[in-house]
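Summary of the model geometry
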Amino acid sequence: ETGVTQTPRHLVMGMTNKKSLKCEQHLGHNAMYWYKQSAKKPLELMFVYNFKEQTENNSVPSRFSPECPNSSHLFLHLHTLQPEDSALYLCASSHILDGLRDRNTQYFGPGTRLTVL
Amino acid sequence: QKEVEQNSGPLSVPEGAIASLNCTYSDRVSQSFFWYRQYSGKSPELIMSIYSNGDKEDGRFTAQLNKASQYVSLLIRDSQPSDSATYLCAVRYSSASKIIFGSGTRLSIRP
């Protein structure tokens, strides 16, 4: 596989369920991101990982728990979600954002369409 | 609060005409600028990136950057129905390790 892949592509879960979203990048990048995209709202950055270390948590509720075991894999563990958490969850990767040379382009996976009942 | 602003549209352009999409940003200390295209139900895909003042051309697409006026634009020449999508402007601020996205402009190319 090439690029950024995400599984599952669609997920329906109840508020008491526990589920996980998976992202894998095959681009040799060392930074990975989780975004949330709700209808008619801008992309919301949730988490940033650089070299497996979390460098950004954008005030995300604790019912979302990220995990980055290595630079190629990123997970988002979901627990006791609310209906308003229904959205498209996008994973992206890039080279580390540094000031030396601009390699900041982020490449997105296809997303997971999450519905919370 | 650093912001990236776009007109939400929809912007309707006849087929074959030039579509002009604009984006303004609030922080003068900005480094990198990106245009992404997003079809309904799909993820964003990169169209253009631009880092220096002036124009950058790639096929039918031209990105224009004016740092003094703090805007970046995307021109699409010879618009095709397949160009109908939402276009997202994104800005990386030099002080940040992340990229800020605008809310997007919905473009509709009418045959």
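Residues numbered from 1 in each chain as written. Chains lettered and ligands numbered in written order. Predicted model: local features only at pLDDT ≥ 70, side-chain atom pairs only at ≥ 80, totals over all residues. Heavy atoms only, no water.

Turning our eyes to something else, we now look at the packing of aromatic side chains. Under the counting rule described, the total for this entry stands at 9 aromatic pairs over all chains. Where A:Tyr35 meets B:Phe101, the ring centres are 5.6 Å apart and the plane angle is 90 degrees; that geometry is what we call edge-to-face. Of this pair, A:Tyr35 sits in strand β4 (residues 31–37) while B:Phe101 sits in strand β10 (residues 99–101), each in a different chain. An angle of 50 degrees between the planes, with centres 5.5 Å apart, marks the rings of B:Tyr36 and B:Phe101 as tilted. Of this pair, B:Tyr36 sits in strand β4 (residues 30–38) while B:Phe101 sits in strand β10, and the two are 65 residues apart along the sequence. We classify B:Tyr36 as buried; its relative accessible area is 1%. B:Phe101 sits in the buried class, given a relative accessible area of 6%. One cation-aromatic arrangement involves B:Arg60 over B:Phe61; the distance from NZ or CZ to the ring centre is 5.5 Å. (Phe/Tyr/Trp six-rings, centres within 6.5 Å; stacked < 30°, edge-to-face > 60°. Helix = DSSP H or I, 4+ residues; strand = E, 2+ residues; numbered from the N terminus. Buried < 20%, exposed > 50% of the residue type's maximum accessible area, 1.4 Å probe, protein only. Lys NZ or Arg CZ within 6 Å of the ring centre and 35° of its normal.)

Right, let's get into the sheet that holds strand β1 (residues 4–5) of chain B. All names here are of chain B. Pairing in this open sheet of 5 strands is antiparallel, and the strands run β1-β3-β8-β7-β6 from one edge to the other. At either margin of the open sheet sits one strand with a lone partner, and together these are β1 and β6 (54–58). By the bridge criterion, 6 bridges tie strand β7 (residues 61–66) to strand β8 (residues 71–76) in an arrangement that is antiparallel. Considered in β8, the bridge of Ala63 is made with Leu74. (Pairing = 2+ DSSP bridges.)

Quick look at the interface of chain A and chain B now. Listed per partner, the contact involves 20 residues of chain A and 19 residues of chain B. For the pairing of chain A and chain B, the buried interface totals around 1,700 Å² over both sides, and the portion due to carbon and sulfur atoms is 53%. Between the two partners, chain A and chain B, sit 3 residue pairs in polar contact (both at pLDDT 80 or more). Within the residue set of the side of chain A that touches chain B, elements represented by two or more residues are β4 and β9 (87–94) of chain A. Considered class by class, the residues forming the side of chain A that touches chain B number 9 nonpolar, 7 polar and 4 charged. (Contact = heavy atoms within 4.5 Å. Buried area = accessible area lost by both parts, 1.4 Å probe. Polar contact = N/O pair within 3.5 Å; in protein donor to acceptor, adjacent residues only side chain to side chain. Nonpolar A, V, L, I, M, F, W, Y, C, P; charged D, E, K, R; others polar.)

Now for the sheet that holds strand β7 (residues 64–70) of chain A. Residue and element names in this part refer to chain A. Strand order across the open sheet formed by 4 strands is β1-β3-β8-β7, with antiparallel pairing between neighbours. Here the strands that pair on one side only, and so sit at the sheet edges, are β1 (4–7) and β7. When strand polarity is set aside, the average angle formed by the axes of neighbouring strands in this sheet is 20 degrees. Note: β1 against strand β3 (residues 18–25), 4 bridges, orientation antiparallel. Pairing of Thr5 across the sheet is with Glu24, part of β3. (Axes fitted to C-alpha atoms, helices over the stretch in contact; angles between N-to-C directions.)

On to the environment of A:Gly111, then. Residues and elements named next belong to chain A. Of note, Gly111 is situated in the loop between β10 (107–108) and β11 (112–116). It is 9.8 Å that separates the C-alpha atoms of Gly111 and Ala87, two residues lying 24 residues apart in sequence. The residues touching Gly111, leaving out its near neighbours within four places in the chain, are Gln6, Pro8, Arg9, Leu88, Tyr89 and Leu90.

We now examine the nonpolar core. All names here are of chain B. With 24 residues, the main nonpolar core has Trp35, Val72, Leu74, Ile76 and Tyr87 as its most contacted residues. Elements represented by at least two residues in this core include exactly β3 (19–25), β4, β5 (45–50), β7, β8, β9 (85–93) and β11 (105–110). By residue number, the principal contributor to this core is β9, which donates 5 residues. The contacts of Val72, once residues within four sequence positions are left out, are Leu21, Asn22, Cys23, Phe33, Trp35, Ile50, Gln64, Leu65 and Cys89. (Core = buried A, V, L, I, M, F, W, Y, C linked by side-chain atoms within 4.5 Å.)

Residue and element names in this part refer to chain B. Throughout the structure, instances matching the rule amount to 5 salt bridges over all chains. Here Arg37 ties to Glu45 by a salt bridge, and the two come within 3.2 Å at their closest N and O atoms. Exposure remark for Arg37: the relative accessible area of 15% places this residue in the buried category. The class for Glu45 is partly exposed, based on a relative accessible area of 33%. (Salt bridge = Lys/Arg side-chain N within 4 Å of Asp/Glu carboxyl O.)

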